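Structure assessment
Residues per chain are reported as follows:
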Amino acid sequence: MLNVTVLVSGGGTNLQAIMDAIDAGEIQNARITHVISNNPRAYALERAAKAGIQGEVLSPKSYDSRAEFNEAFLARLQEINPDLIVLAGFLVVIPEAVVKAFPYKLVNIHPSLIPSFCGTGFYGLHVHEGVLSRGVKVTGATVHFVDEGTDTGPIILQKAVYVQEGDTPEILQRRVMEEAEWKILPKAIDLIAAGKVSVDENRIVHIAGGYPSV
Ligand code: GRF
C-alpha cells in the first residue's frame, strides 16, 4: 500500500479528484495518510476533514526565516516518511533538501503542457493568461516528478486541452482542470502505486504497458 501525503494551498479540487478516484477504485493500492497546507484557510483542509483526514498547517509565516520553515518542513515529512508526496496546487517552493530526501517520490501537477508556460511566475491564472496572450490553440496539464528546478523534473503524464474562442483565463483554467488535471493526477498516482513508472538514466519516464488512456 502506497502511503501518500498531499500538499495543498487552496481549493483542493485536485485533492478531491484523488480522494474520489481512491473511493471509486480508480486508484488502487494507495491511501492518503496526511494532508498538509501552508494556508490555514485552504478549503482543501475542509475537503480532507470531510473525508476523515485530519489536515495540518505548516506555514512559512509561522517561522522567523525561510530556512527555519524549510527545516521544520523536512523534519515533518521525514517523520511521516510517505511513499509519495503529491503537490496538488501547493504554492510553496519545495526546499532542495526535501527534493534530495525524497528522490522521485515527489510529484506535481502543472496546468500547461510543459515546457510551455512553466517556470518562475507561471502559477495559477498567470499560466492561462500566458496561453491566451500567446494565442496557442492547444494547452493542457502535466504531471511531473519534482527536481531542484521549477517545473523541470521528468514528465510522467500530459493531456492536451483545446483553447476555445471567447476563453477567459478563468474559463480556460476550469476546462484544463476538468479535462486534464483531475484525470492525469489520479492516473499518475495509480500507475506509481502499481509500480509501473520508472525513470531512466536520461531522466526520461517510462510507463510499463504503454501510455494510459486518460
Ligand atoms: C491547479 O490549477 C494546479 O494545476 C495548480 O494549482 C491549482 C490548484 O487547484 N498547481 P486546486 O487547489 O487543486 O483546486
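Residues numbered from 1 in each chain as written. Predicted model: local features only at pLDDT ≥ 70, side-chain atom pairs only at ≥ 80, totals over all residues. Heavy atoms only, no water.

Regarding the overall build of the protein chain
Counting its secondary structure elements, the protein chain contains six helices and nine strands. With respect to the principal axes defined by its C-alpha atoms, the protein chain has extents near 45 × 40 × 40 Å. Expressed as a percentage of the 214 residues in the protein chain, the buried residues total 48%. When contacts within the protein chain are restricted to residue pairs at least 6 apart in sequence, those whose partners lie at least 24 apart make up 65%. Looking at the protein chain as shown, the accessible area adds up to about 10,600 Å², and 49% of this sits on carbon and sulfur atoms. Taking the 18 positively charged and 24 negatively charged side chains of the protein chain as two groups, their mean positions are separated by 3 Å. (Helix = DSSP H or I, 4+ residues; strand = E, 2+ residues; numbered from the N terminus. Buried < 20%, exposed > 50% of the residue type's maximum accessible area, 1.4 Å probe, protein only. Contact = heavy atoms within 4.5 Å. Areas by Shrake-Rupley, 256 points an atom, 1.4 Å probe, with all protein chains shown as cover. Lys, Arg positive; Asp, Glu negative; His and termini not counted. Charge placed at Lys NZ, Arg CZ, Asp CG, Glu CD.)

Re the sheet that holds strand 2 (residues 30–37)
Strand order in the open sheet formed by seven strands is 3-2-1-4-5-6-7, with mixed pairing between adjacent strands. For this open sheet the edge positions go to strand 3 (56–57) and strand 7 (155–162), each flanked by a neighbour on one side alone. (Pairing = 2+ DSSP bridges.)

Thoughts on the pattern of salt bridges
All chains considered together, the criterion is met by seven salt bridges. Measuring nitrogen to oxygen at the nearest pair gives 3.9 Å for the salt bridge that ties K100 to E148. Here the residue K100 occupies a position in helix 4 (residues 96–101), and E148 occupies one in the loop between strand 6 (138–145) and strand 7, the gap between them amounting to 48 residues. The partly exposed category is assigned to E148, whose relative accessible area is 47%. (Salt bridge = Lys/Arg side-chain N within 4 Å of Asp/Glu carboxyl O.)

Some details on the pairing of strand 4 (residues 84–87)
The side-chain alternation of strand 4 yields two buried faces, one formed by L84 and V86 and the other by I85 and L87. One ladder, built from three bridges, connects strand 4 with strand 5 (residues 106–110); its direction is parallel. Pairing of L87 across the sheet is with N108, part of strand 5. For the crossover that starts at strand 4, traverses helix 4 and ends in the parallel strand 5, the hand is right-handed. (Right-handed = clockwise from strand over helix to strand, strands pointing away.)

Looking at the nonpolar core
One finds V6, L15, V86 and I156 to be the most contacted residues of the largest nonpolar core, which totals 44 residues. Ranked by residues supplied to this core, first place goes to helix 6 (residues 169–193) with ten residues. Excluding residues within four positions of it along the chain, V6 makes contact with L15, I18, I32, H34, V35, I36, V86 and A88. Counting 18 residues, the second largest nonpolar core, distinct from the first, contains I36, L87, V99 and V146. (Core = buried A, V, L, I, M, F, W, Y, C linked by side-chain atoms within 4.5 Å.)

Considering the site of the ligand
Taken together, G10, G11, G12, T13, N14, G89, I109, P111, M177 and E181 are the residues near the ligand. Within the backbone of N14, an N or O atom sits 2.8 Å from an oxygen atom of the ligand. For the ligand, an oxygen atom lies 2.7 Å from a polar atom in the side chain of E181. In isolation the ligand has 370 Å² of accessible area, and contact with the protein removes 87% of it. Elements supplying a minimum of two residues to the shell around the ligand: helix 1 (13–23) and helix 6. Split by residue class, the shell around the ligand holds three nonpolar, six polar and one charged. (Near = heavy atom within 4 Å. Polar contact = N/O pair within 3.5 Å; in protein donor to acceptor, adjacent residues only side chain to side chain. Nonpolar A, V, L, I, M, F, W, Y, C, P; charged D, E, K, R; others polar.)

Some details on the packing of helix 1 against helix 6
Relative to each other, helix 1 and helix 6 sit at 55°, their axes nearing to 9 Å. Of the possible angle classes, the one that applies to helix 1 and helix 6 is oblique. Seen along the crossing, helix 1 lies across helix 6 with a hand that is right-handed. Of the residues in helix 6, those in contact with T13, N14, A17, I18 and A21 of helix 1 are M177, E181, W182, L185, P186 and I189. (Axes fitted to C-alpha atoms, helices over the stretch in contact; angles between N-to-C directions. Parallel < 35°, antiparallel > 145°, perpendicular 65-115°, else oblique. Left-handed = near helix turned anticlockwise from the far one by under 90°.)

Some details on unusual backbone geometry
Going from I114 to P115, the amide bond is cis rather than trans, its omega being 15°. With phi around 65°, N29 is a residue other than glycine that occupies positive phi space. By the secondary structure assignment, N29 is in the loop between helix 1 and strand 2. N29 gets classed as partly exposed once you look at its relative accessible area, which sits at 43%. Even without a glycine there, the phi angle at N81 is positive, about 55°.

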